[in-house]
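# Understanding the architecture of this molecule
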Amino acid sequence: MKNSSSLAFVFCRGVRALVPLAAVVGMSACTLEATNPGPIQADALNTPGALNSIVSGAGRDLAEALNWTAYTGAAVSREIFPGGSTGAFGISVQQQNGKLVDDDDNTHWNFAQRARWTSEDAVSRAKAIVASTPTTATNTSLVQALIWAGFANRHMGETFCEGIINGGANGPSTVYLERAEVAFTEAIASATTANLTTLRDVATAGRASVRLDRNNSSGAVTDAAAIASTFVYRMPYYQNDLDQYN
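Anyway, here's the lowdown on the structure attached to this text. (Residues numbered from 1 in each chain as written. Predicted model: local features only at pLDDT ≥ 70, side-chain atom pairs only at ≥ 80, totals over all residues. Heavy atoms only, no water.)

### Overview of the overall build of the chain
What the chain contains, in helices and strands, is seven helices and four strands. Each helix and strand of the chain, placed in order from N terminus to C terminus, yields the pattern β-β-α-α-α-α-β-β-α-α-α. A buried classification covers 36% of the 246 residues belonging to the chain. The long-range share in the chain, meaning contacts at least 24 apart out of those at least 6 apart in sequence, stands at 57%. As displayed, the chain offers around 14,600 Å² of accessible surface, 55% of which is attributable to carbon and sulfur atoms. (Helix = DSSP H or I, 4+ residues; strand = E, 2+ residues; numbered from the N terminus. Buried < 20%, exposed > 50% of the residue type's maximum accessible area, 1.4 Å probe, protein only. Contact = heavy atoms within 4.5 Å. Areas by Shrake-Rupley, 256 points an atom, 1.4 Å probe, with all protein chains shown as cover.)

What follows is the structure, given as structure tokens:
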């Protein structure tokens with residue numbers, strides 16, 4: 001057992017000092033407590049400095065939603081075949097037989113709805129911020145948020161059979177395609193005003209696909225004609241993220 005003359009490191013207001021342990025009792029000036037301020041208040045996110053992170057998070061949510069539905073959809077349609085992949089994030093025996101049951105779809109629905117909600121919430125925050133702080137950065141974030149909202153709603157409309165918005169009544173999934181077209185149209189207008197050519201083309205290409213989903217062939221052709229045949233816009237995925245391995 002060590003006696004009272006043993007030495008210890010003591011942190012006092014961010015300054016490290018080597019002092020006898022017996023002397024700690026008398027150091028009343030030191031504050032060793034930590035206060036947890038709690039969760040970030042929602043209003044704290046309504047600033048230009050937070051906007052890019054909010055929009056990036058919405059895109060990340062959409063990437064995760066697409067990851068699940070693409071993986072499972074490819075399994076039941078026999079686009080991919082499992083090589084023993086039946087564990088966590090695997091392909092179930094039912095899915096290998098081309099069957100989807102209710103408990104298979106909960107995760108896919110939840111992630112897809114989260115992507116829709118976070119992207120639309122990002123749009124609302126971005127519009128408020130741009131109204132008070134119209135800069136190149138905030139305008140870019142607004143257009144990107146609208147693009148994520150467009151693709152998130154298109155994803156819902158193309159993947160699921162029912163349409164429910166924020167706990168509302170159940171309806172047809174076409175409601176998502178309607179919202180997608182509105183988001184892309186707003187993105188085109190905002191990108192054009194802010195001279196954001198690449199994002200304008202992304203929104204135009206997205207709207208072309210949604211118009212085709214909505215049986216508006218002439219509108220889809222008009223949008224598609226404005227986009228170069230070599231144009232590509234990809235969702236980024238990263239190997240260092242467990243939810244994006246596939």
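So, next bit.
### So, the nonpolar core
In this structure, Val143 and Ile147 are the most contacted members of the largest nonpolar core, which totals 41 residues. Counting only elements with at least two residues in this core, the list comes to α1 (48–76), α3 (102–132), α4 (136–159), α5 (174–193) and α6 (197–213). The residues touching Val143, leaving out its near neighbours within four places in the chain, are Ala187, Ser190, Ala191, Leu196 and Leu199. (Core = buried A, V, L, I, M, F, W, Y, C linked by side-chain atoms within 4.5 Å.)

### Notes on the environment of Gly57
Topologically, Gly57 is positioned in helix α1. Residue classification places Gly57 among the partly exposed residues on the basis of a relative accessible area of 29%. Placed 88 residues apart in sequence, Gly57 and Ala145 show a C-alpha to C-alpha distance of 9.9 Å.

### Considering the packing of α4 against α6
Running from N to C, α4 and α6 cross one another at 20°; their axes reach a closest spacing of 10 Å. Taken together, the axes of α4 and α6 are roughly parallel relative to one another. Here α4 and α6 pass one another in a crossing that is left-handed. Residues Thr140, Val143, Gln144, Ile147, Phe151, Arg154 and Glu158 of α4 form the contact with α6, whose participating residues are Leu199, Val202, Ala203, Gly206, Ser209, Val210 and Asp213. Tallied by class, residues from the contact of α4 with α6 come to seven nonpolar, four polar and three charged. (Axes fitted to C-alpha atoms, helices over the stretch in contact; angles between N-to-C directions. Parallel < 35°, antiparallel > 145°, perpendicular 65-115°, else oblique. Left-handed = near helix turned anticlockwise from the far one by under 90°. Nonpolar A, V, L, I, M, F, W, Y, C, P; charged D, E, K, R; others polar.)

### Looking at the packing of aromatic side chains
For the structure on display, the rule yields five aromatic pairs. Between the aromatic rings of Trp109 and Phe160, the centroid separation amounts to 5.2 Å while the plane-to-plane angle is 85°, which identifies the pairing as edge-to-face. Residue Trp109 is located in helix α3, and its partner Phe160 is located in the loop between α4 and β3 (162–163); the two are separated by 51 residues in the primary sequence. Residue Trp109 is classed as partly exposed on the basis of its relative accessible area of 24%. Taking the centre distance of 6.4 Å and the plane angle of 20° together, the rings of Phe151 and Tyr233 count as stacked. Of this pair, Phe151 sits in helix α4 while Tyr233 sits in the segment after α7 (217–225), and the two are 82 residues apart along the sequence. (Phe/Tyr/Trp six-rings, centres within 6.5 Å; stacked < 30°, edge-to-face > 60°.)

### Observations regarding α6
Along its 17 residues, α6 runs 25 Å from first to last C-alpha, staying within 8% of the 24 Å computed at 1.5 Å per residue. Burial in α6 covers these residues: Leu199, Asp201, Val202, Ala203, Thr204, Gly206, Arg207, Ala208, Val210 and Arg211. Next to the buried residues of α6 lie α4, α5 and α7. Note on α6: the residue one or two positions beyond its end, Asn215, has a positive phi of about 65°. (Expected span 1.5 Å × (residues − 1).)

### Details of the environment of Gly163
Here Gly163 lies in strand β3. With relative accessibility at 5%, the residue Gly163 sits in the buried group. Spatially, the C-alpha atom of Gly163 lies 9.9 Å from that of Leu177, the residues being 14 residues apart in sequence.

### Things to note about the pattern of salt bridges
Tallied over the entire structure, the rule returns 13 salt bridges. The salt bridge involving Arg207 is made with Asp223; its shortest N-O contact spans 2.8 Å. Note that Arg207 is positioned in helix α6 and Asp223 in helix α7, a separation of 16 residues in sequence. One salt-bridge network, in which partners are shared between bridges, spans Glu181, Arg207, Arg211, Arg214 and Asp223. (Salt bridge = Lys/Arg side-chain N within 4 Å of Asp/Glu carboxyl O.)

### A word on α5
In this model, α5 (20 residues) spans 29 Å end to end at C-alpha, consistent with the 28 Å of a helix rising 1.5 Å per residue. All buried positions along α5 are accounted for by Tyr176, Leu177, Ala180, Glu181, Ala183, Phe184, Ala187, Ile188 and Ala191. Here the buried residues of α5 occupy an arc of 165° about the axis, which is enough to place them on one side. Following α5 by one or two positions, Asn195 has its phi on the positive side, about 60°. (Arc of directions from axis to C-beta.)

Functional significance is not addressed by these values, which are geometric in nature.
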